[in-house]
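In case you want the letters, here they are:
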Amino acid sequence: MTRNLPGNLQVRADRIADDIDGLAGLTEPDKPWTRRAFTPMFLKGRHYLNRRFKEAGLETRIDAAGNLVGLRKGKAGNGTIMLGSHSDTVPNGGRFDGIAGVAAALEVARSLNDAGVQLEHDLEIVDFLAEEVSIFGVSCIGSRGMLGLRPSEWLERQVEGVTLAEGIRSVGGNPALIGSRDDIKAFLELHIEQGPVLENERIDIGVVTAISGIARIEILVEGRADHAGTTPMGLRLDALSAASHIVLGIERTATDLSRGPSHFAATVGEFVMEPNAANVVPSRVRMLIDARAIDRAVMEAFSDAVATLCVEVVSKCGVSITAPRRISDNPPSLMSEKVVALLEESTAGLSLSSRRMVSGAGHDAAYLNSAAPTAMVFIPCREGRSHTAEEWAENDDITLGAAVLYETVLKLDKE
Ligand code: HGY
Ligand code: MN
Ligand code: MN
């Protein structure tokens with residue numbers, strides 16, 4: 001929803017728009033908007049941001065984990081207030097997922113300069129490396145790396161002949177160094193909601209109280225390749241039809257669990273069948289479930305239900321199914337009540353409406369939360385759509401969110 005911005009905002013909408021558009025101009029040409037981590041296009045985005053960070057008077061560096069960090073010095077020795085998000089995208093993703101948070105954070109730094117404010121604390125503006133699931137199949141590589149939370153075995157993951165360690169080096173990081181930060185006073189991340197609540201309820205700001213845990217569960221279904229024309233229906237071991245029973249069972253279970261008191265969602269996001277030939281009975285299916293829960297007990301209930309479903313499908317279809325394997329399992333992250341309250345104070349001070357909410361999406365903030373009091377600012381996005389080229393957020397809404405960040409940095413700085 002466009003609006004008339006209050007006249008007394010410290011932050012400027014035009015500069016935010018310039019950065020959103022500047023990054024939107026850097027996308028794989030035939031797949032708007034795509035700027036995947038570890039690609040030449042991503043490095044073009046980094047080059048753009050590095051220039052804009054410097055223009056804002058920030059001292060820039062690439063840390064060992066591969067994050068772009070812009071430092072605005074405060075008075076020595078009081079620690080760091082950190083703002084940031086990510087500039088990498090999913091394929092054919094949006095112009096705002098992550099990017100809005102980096103642009104808003106950068107605008108806070110510029111606006112503090114305009115106001116001649118010297119903070120007690122250092123301020124860091126961060127573009128975290130590879131928040132999205134990249135070619136290496138894992139997410140939040142930079143934020144985990146910054147805090148020593150990146151599993152060491154990830155570095156040897158090799159895709160298209162490149163290891164993750166080489167990928168981190170390619171953006172200027174040093175994977176041999178284990179990250180650790182004990183100086184972060186607080187972390188704030190602005191992000192588009194990626195859901196419809198704020199728009200539907202016509203609320204300006206979402207204050208995030210928890211970030212869902214994310215489990216990714218792999219299931220392999222082994223059938224038997226046979227001639228599609230001659231094999232009697234009753235004698236087939238059709239891996240695809242067996243997998244279909246599992247997929248529909250997952251949808252039923254997730255829908256039931258989503259009607260419970262806390263957020264739950266699950267999707268079979270990756271699905272590969274073999275040999276994928278019209279006249280061959282499918283012999284094998286690999287599927288990857290992405291499941292999100294705020295309540296661990298609900299995630300375990302889902303996981304148990306999937307295991308039971310697989311046993312039922314084996315006896316029904318005669319195929320063999322490997323036990324569902326959790327290839328990643330990140331716990332939910334409860335935000336700092338103190339920082340949540342400061343965000344609400346800032347929002348009220350700006351005469352903006354706000355509501356508390358949880359995040360079904362994962363964010364770098366989930367990891368920063370292990371090192372510092374952390375909370376997030378959500379802003380509305382059109383029809384709640386995200387991870388699609390149709391993703392859209394109004395620049396005025398991003399600007400209001402940036403104003404909330406600005407006011408909250410000032411409050412944190414005085415503590
Ligand atoms: O998948 C997520 O939740 C985030 O958008 N990376
Ligand atoms: Mn995303
Ligand atoms: Mn994101």
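Residues numbered from 1 in each chain as written. Chains lettered and ligands numbered in written order. Predicted model: local features only at pLDDT ≥ 70, side-chain atom pairs only at ≥ 80, totals over all residues. Heavy atoms only, no water.

Once that is clear, we can look at the coordination of the manganese ion (ligand 3). Six octahedral donors at a metal ideally form angles of 90 or 180 degrees, and four tetrahedral donors ideally form angles of 109.5 degrees. Donor atoms from the polypeptide that bind the manganese ion (ligand 3) are H86 (NE2), D97 (OD) and H191 (NE2), placed at 2.1 to 2.3 Å. A spacing of 3.5 Å is found between the manganese ion (ligand 3) and the manganese ion (ligand 2), which share D97 as a donor. Pair noted here: H86 is in strand β3 (residues 80–86) and D97 is in the loop between β3 and α3 (99–114), with a separation of eleven residues, a long-range link. For the pair shown, H86 and D97 are each scored as buried. (Donors = N, O, S within 2.8 Å, 3.2 Å for Na, K, Ca; no water. Helix = DSSP H or I, 4+ residues; strand = E, 2+ residues; numbered from the N terminus. Buried < 20%, exposed > 50% of the residue type's maximum accessible area, 1.4 Å probe, protein only.)

A few words now on the coordination of the manganese ion (ligand 2). For the manganese ion (ligand 2), the full set of protein donor atoms is D97 (OD), E132 (OE) and H387 (NE2), at a range of 2.0 to 2.1 Å. Written as a sequence motif, the donor residues of the manganese ion (ligand 2) are D-x34-E-x254-H. In this structure D97 comes out as buried when scored by relative accessible area, which is 4%.

Take the domain arrangement of the chain next. Its domain assignment divides the chain into domain 1 (13–211 + 333–414) and domain 2 (213–330). The gap between the C-alpha centroids of domain 1 and domain 2 is 34 Å. Domain 1 puts eleven residues into the contact, and the matching count from domain 2 is seven residues. Summing both sides of the interface, domain 1 and domain 2 together bury roughly 660 Å²; the carbon and sulfur share of this comes to 52%. Linking domain 1 with domain 2 are zero salt bridges, by the criterion used here. For the interface between domain 1 and domain 2, the tally reads three residue pairs in polar contact (both at pLDDT 80 or more). Those elements that provide at least two residues to the side of domain 1 that touches domain 2 are β8 (205–211) and β15 (354–359). In terms of residue class, the side of domain 1 that touches domain 2 is built from six nonpolar, four polar and one charged. (Domains from an automatic or database assignment. Contact = heavy atoms within 4.5 Å. Buried area = accessible area lost by both parts, 1.4 Å probe. Salt bridge = Lys/Arg side-chain N within 4 Å of Asp/Glu carboxyl O. Polar contact = N/O pair within 3.5 Å; in protein donor to acceptor, adjacent residues only side chain to side chain. Nonpolar A, V, L, I, M, F, W, Y, C, P; charged D, E, K, R; others polar.)

The local shell around ligand 1 consists of E131, E132, R292, A361, G362 and H387. Take R292: an N or O atom from its side chain is 2.6 Å from an oxygen atom of ligand 1. H387 is positioned such that a nitrogen or oxygen atom in its side chain is 3.0 Å from an oxygen atom of ligand 1. A class-by-class count of the residues in the shell around ligand 1 yields one nonpolar, two polar and three charged. (Near = heavy atom within 4 Å.)

As a further point, take the packing of helix α2 (residues 40–55) against α3. Their axes nearest at 10 Å, the elements α2 and α3 cross at an angle of 20°. One element, α2, and the other, α3, form an angle in the roughly parallel class. Crossing of α2 against α3: the hand is right-handed. Two secondary-structure elements touch here, α2 through L49, R52 and F53 and α3 through V102, L106 and R110. (Axes fitted to C-alpha atoms, helices over the stretch in contact; angles between N-to-C directions. Parallel < 35°, antiparallel > 145°, perpendicular 65-115°, else oblique. Left-handed = near helix turned anticlockwise from the far one by under 90°.)

Right, let's get into the pairing of strand β11 (residues 284–293). Of all ten residues making up β11, eight are buried, and the element is well covered by its neighbours. Both strand β9 (residues 213–222) and β11 contribute to a ladder of ten bridges, which runs antiparallel. The partner of I217 across the bridge, within β11, is I289. (Pairing = 2+ DSSP bridges.)

As a further point, take the nonpolar core. Counting residues in each nonpolar core, the largest one holds 78 residues, and the members touching the most others are L123, I125, I398 and V409. Those residues in contact with I398 that sit more than four places away from it in its chain are I16, I20, F96, A100, A104, L190, I379 and A393. Membership of the second largest hydrophobic core comes to 27 residues, among which are I219, A254, A291 and C317. (Core = buried A, V, L, I, M, F, W, Y, C linked by side-chain atoms within 4.5 Å.)

Under the definition given, this model contains 33 salt bridges. In this structure, the salt-bridge partner of E124 is R61, at a minimum N-O distance of 3.2 Å. Taken together, the residues E124 in strand β4 (residues 122–128) and R61 in strand β1 (residues 59–62) connect sequence positions 63 residues apart. The network of salt bridges with shared partners includes R15, D19, R51, R52, E55, E107, R110 and D114.

With that out of the way, let us pick up empty space enclosed by the protein. Under the counting rule described, the total for this entry stands at one cavity of 30 Å³ or more. If you add up the space inside the largest cavity, you get close to 40 Å³. I20, L23, A24, W33, R35, T89, G94, R95 and I99 are the residues that line the largest cavity. The element contributing the most residues to the lining of the largest cavity is helix α1 (residues 13–24), with three residues. (1 Å grid on protein atoms, 1.4 Å probe; cavity = no way out; pocket = protein on both sides within 12 Å on 5 of 7 lines; lining within 4 Å. Points joined across faces, edges and corners; volume = space filled by probe spheres on them.)

Note that E189 resides in strand β7 (residues 184–192). Not counting residues within four places of it along the chain, the set of residues in contact with E189 comprises G84, S85, H363, D364, A365, A375, M376 and V377. Within the structure, E189 has its side chain in polar contact with the side chain of S85 (distance 2.6 Å).

It is worth spelling out α2 at this point. Here α2 spans 23 Å end to end across 16 residues, near enough to the 22 Å set by a 1.5 Å rise per residue. Those residues of α2 lying buried are M41, F42, G45, R46, Y48, L49, R52 and F53. Around the axis of α2, the buried residues are gathered within 160° of arc, so they sit on the same side. In α2, the exposed residues that point more than 90 degrees away from the buried face are P40 and H47. (Expected span 1.5 Å × (residues − 1). Arc of directions from axis to C-beta.)

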